[in-house]
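This is what each chain is made of:
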Amino acid sequence: MVFMRPKLRLRHGWQRLKSPKNQLHPSDETEKSMNSAPIPDFSPPPLKCYHLGRDIGPQPSFYGQHSFRIMTRLLFLLASAALAPLAFAQNDAGGNDTGPDHAAMLKPVAHWTFESSDSLGTWTGKPNADQPGPRAPVYPSFAKDNKAAMFNGSGTNLALEVPDSPELRFGLNDTITLEAWVKVKSMKDGETPYIIGKGRNGTKGFSASNQNYALRLKGEKGSALIGFLFASADVPGKKGDWHRWWSKEGFDPGTGWHHIAVSYTYGKPKSIKGFIDGSAMDGVWDMGGATDRAPVMDADTVVIGTGSTRAAPHSFNGWIDDLAVFRGQPEEESLKAFAFVPPPPPVKRSQVTKGKVLVQICEEGVPSANAWPPEAPKVAESYDEDVFGLFELPQKYIDTGVRADRPNPSLVRASALVTLPKGKHRLLLRGRGAAH
C-alpha cells in the first residue's frame, strides 16, 4: 500500500496537508440490505478545497475515418471518387484549468486534475496518474501534455481515498453535482463501476449502507449508462432504503473520452439531471424510487475508482480526468457546451496535391483489438500516388538503412480532391470484415 501526502489546489498556489491513513475493509453488503446501526462521528479537522474556474468552448474529442488495417498487403480500389475521411467527436469541456466557469455559479468542493500522483487523497497501490489525458490539438482547451489517472479495474489493488471533511458531506436540501471525463477501457454488461463515491466502503465503525453519494457507470447492451446512488437515512418507524438512478441511454465504451455529469438536490425527487457529452439524459429510479428523504451523512471517506466490495464489477477499468464535486446545480446551458460537434477532418485540403492521391501510414495509436481507433492516429509516413489502387506499401527502413517490419496492425489512409461530373454515380466501398 502506498501512502502519499495530499495536495490541494488553491486559487493562489499549493497547500499540502497530512491525511489520516484510512483502513478500508471490503463490504459484502448489497444494495438491497440496510444496516441501521448508529454511526459515530470521526470527523477530522475541516478540509477546505477550491476549484479553479474554467472557460468552455466547442471542441472535438475523437476521430474516426475510412481507414484500413494493414496486415501484410493491402488491396484498396475506389474508382471515380476520393476517399473522404469521416470524423466524429464530442466536445471538450475545456481542460483541467480552463472550461465552464462553474466558480461563478457553484460553490466548488474538490477537483482532481491528476497532473501528478500527488493528488488530493491517498493512493492504495501504485498510482498511475501520469497517463495521457485528453490533449490538444484534438481537445484544444487541454494542454498538449495533459495527464489523467488510469484505474485497472481492481479496487483492492488501486484506488484513491480522500479523507472526509464537512465540505464533502451533503444532506437534505443540499444540491450536489458530480462531473468527470472518462475513457472506458473495458466494461461488461451488468458491471457497475464507481467513478467516485462517499461511504459504503466497509470502514470499521461505520454502517455498511452509508452511501452519501456515488457517480457510477453501468454496462448494458454494450453501452455505458451513467448513474447516481445514495442511501436514505432512517426515520422514526421507517428504515432507510437504497435509491438508484440510471440514464436510459449511454455511450459506447472504447470510443475515446466522454464527459459525464449528474446533479441532484436531496429532498427534491424530480431534481435529478444527467448529462453525457452535453446532452441531457432521461433516466429512471430503478431501486427505492424517487424520494424526498434525507441521505445518510457521516464522516466516512470518499473513494475514487472503486466502491462497495472493491471487486471487479464495482471497479473502473479505464482513465479518469478532470473529476470535480460541486455544491449546487449548474445552468443547463453551461453543460450543453459539451455537445457533440464534428471536428475538422484529420486531412487538410492544403495537404493534398491536385491530381495526386495522398497516402498516409499510421503506426502509433492503432488498437491491437478488432476495433477502429477512437482518436486520429499519428502519421508516421506519407507519400503521393497517382491512383487509389494500392497493391503494396513502401518498405520501411530504420536510421541505419536496414529494413524493418511495420507494426501489426498499422493503418493507411488515402485522400484526394476529386470533382465528380454532373449526373448519377454509383460508389462501391469495401468495408473491413464485410462488403456492403
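In this report, we go over the structure that sits alongside the text. (Residues numbered from 1 in each chain as written. Predicted model: local features only at pLDDT ≥ 70, side-chain atom pairs only at ≥ 80, totals over all residues. Heavy atoms only, no water.)

**Some details on the pairing of strand 20 (residues 357–364)**
Strand 20 sits mainly inside the fold: 7 of its 8 residues count as buried. As judged from the 7 bridges shared by strand 20 and strand 21 (residues 378–385), these two strands associate in the antiparallel manner. Directly across from Val 359, in strand 21, lies its bridge partner Tyr 383. Relative to strand 24 (residues 410–415), strand 20 runs antiparallel, the two sharing 5 bridges. The residue bridging Leu 358 from the neighbouring strand is Ser 415, located in strand 24. (Buried < 20%, exposed > 50% of the residue type's maximum accessible area, 1.4 Å probe, protein only. Helix = DSSP H or I, 4+ residues; strand = E, 2+ residues; numbered from the N terminus. Pairing = 2+ DSSP bridges.)

**Points about the pattern of salt bridges**
Opposite charge on two side chains allows them to pair when their charged atoms are near. Going through the model one piece at a time under the given rule, you end up with 11 salt bridges. A salt bridge links Lys 218 to Glu 220; the shortest N-O distance between them is 3.2 Å. In this structure Lys 218 comes out as buried when scored by relative accessible area, which is 19%. (Salt bridge = Lys/Arg side-chain N within 4 Å of Asp/Glu carboxyl O.)

**So, the environment of Glu 115**
Turning to its location among the elements, Glu 115 is positioned in the loop between strand 4 (107–112) and strand 5 (122–124). Expressed as a C-alpha distance, the spacing of Glu 115 and Asp 321, which sit 206 residues apart in the sequence, is 9.0 Å. Only 3.3 Å separates the side chain of Glu 115 from the backbone nitrogen of Lys 147, close enough to count as a polar contact. (Polar contact = N/O pair within 3.5 Å; in protein donor to acceptor, adjacent residues only side chain to side chain.)

**Quick notes on the packing of aromatic side chains**
Summed over the entire model, instances satisfying the criterion amount to 11 aromatic pairs. Between Tyr 264 and Trp 285 the ring centres are 5.6 Å apart and the planes differ by 65 degrees, which places this aromatic pair in the edge-to-face class. Of this pair, Tyr 264 sits in strand 14 (residues 258–265) while Trp 285 sits in strand 17 (residues 283–287); the two residues are 21 residues apart in sequence, bridging distant segments of the chain. Counting every residue linked through ring pairs, the aromatic cluster contains Phe 228, Phe 230, Tyr 264, Tyr 266 and Trp 285. One cation-aromatic arrangement involves Arg 200 over Trp 242; the distance from NZ or CZ to the ring centre is 4.8 Å. Of note, Arg 216 hangs over the ring of Tyr 194, and the distance from its end group to the ring centre comes to 5.2 Å. (Phe/Tyr/Trp six-rings, centres within 6.5 Å; stacked < 30°, edge-to-face > 60°. Lys NZ or Arg CZ within 6 Å of the ring centre and 35° of its normal.)

**Focus on the nonpolar core**
Within soluble globular proteins, side chains that are nonpolar tend to cluster in buried spots. Core analysis: the biggest nonpolar cluster contains 45 residues, and Trp 112, Ile 195 and Phe 228 have the highest contact counts within it. The dominant element in this core, judged by the number of residues it contributes, is strand 9 (residues 175–184), at 5 residues. In this structure, Ile 195 is in contact with Ala 180, Val 182, Leu 215, Arg 216, Leu 217, Ile 260, Val 303, Ile 304, Gly 305, Phe 316, Ile 320 and Leu 323, ignoring residues within four places of it in sequence. Residues Val 138, Met 150, Trp 181 and Phe 338 belong to the second largest nonpolar core, which totals 12 residues. (Core = buried A, V, L, I, M, F, W, Y, C linked by side-chain atoms within 4.5 Å. Contact = heavy atoms within 4.5 Å.)

**A few points about the sheet that holds strand 12 (residues 223–231)**
What the 8 strands build is an open sheet, ordered 5-8-18-10-11-12-13-17; its pairing is antiparallel. A strand with exactly one partner marks an edge of an open sheet, and here the two such strands are strand 5 and strand 17. Taken pair by pair, the neighbouring strands of this sheet meet at an average axis angle of 25 degrees, ignoring direction. Pairing between strand 11 (residues 213–220) and strand 12: 6 bridges, direction antiparallel. Within the sheet, the bridge partner assigned to Leu 217 lies in strand 12 and is Ile 226. (Axes fitted to C-alpha atoms, helices over the stretch in contact; angles between N-to-C directions.)

**Quick notes on unusual backbone geometry**
Cis geometry is found at the peptide bond from Asn 408 to Pro 409, where omega equals 10 degrees. Its location among the elements puts Pro 409 in the loop between strand 23 (403–404) and strand 24. Phi angles above zero are rare outside glycine, and Lys 221 is one such case at about 55 degrees. Along the polypeptide, Lys 221 turns up in the loop between strand 11 and strand 12. Judged by relative accessible area, which is 77%, Lys 221 ranks as exposed. Non-glycine residue Asp 277 carries a positive phi angle of around 50 degrees. Take Asp 277: it is sitting in the loop between strand 15 (273–276) and strand 16 (279–281). Relative accessible area serves as the criterion here: at 9%, Asp 277 is assigned to the buried category.

**Side note on the pairing of strand 24**
When you tally the buried positions in strand 24, you get 6 out of 6 residues, the bulk of the element. Burial of strand 24 is two-sided: the residues Ser 410, Val 412 and Ala 414 facing one way and the residues Leu 411, Arg 413 and Ser 415 facing the other way are all buried.

**Some words on the side chain of Glu 191**
In this fold, Glu 191 is placed in the loop between strand 9 and strand 10 (194–198). The side chain of Glu 191 sits in the buried core without any salt bridge; Lys 188 is the nearest counter-charge, 5.2 Å away. Each residue touching Glu 191, except ones within four places of it in the same chain, is listed here: Leu 217, Lys 218, Gly 219 and Pro 313. (Lys, Arg positive; Asp, Glu negative; His and termini not counted.)

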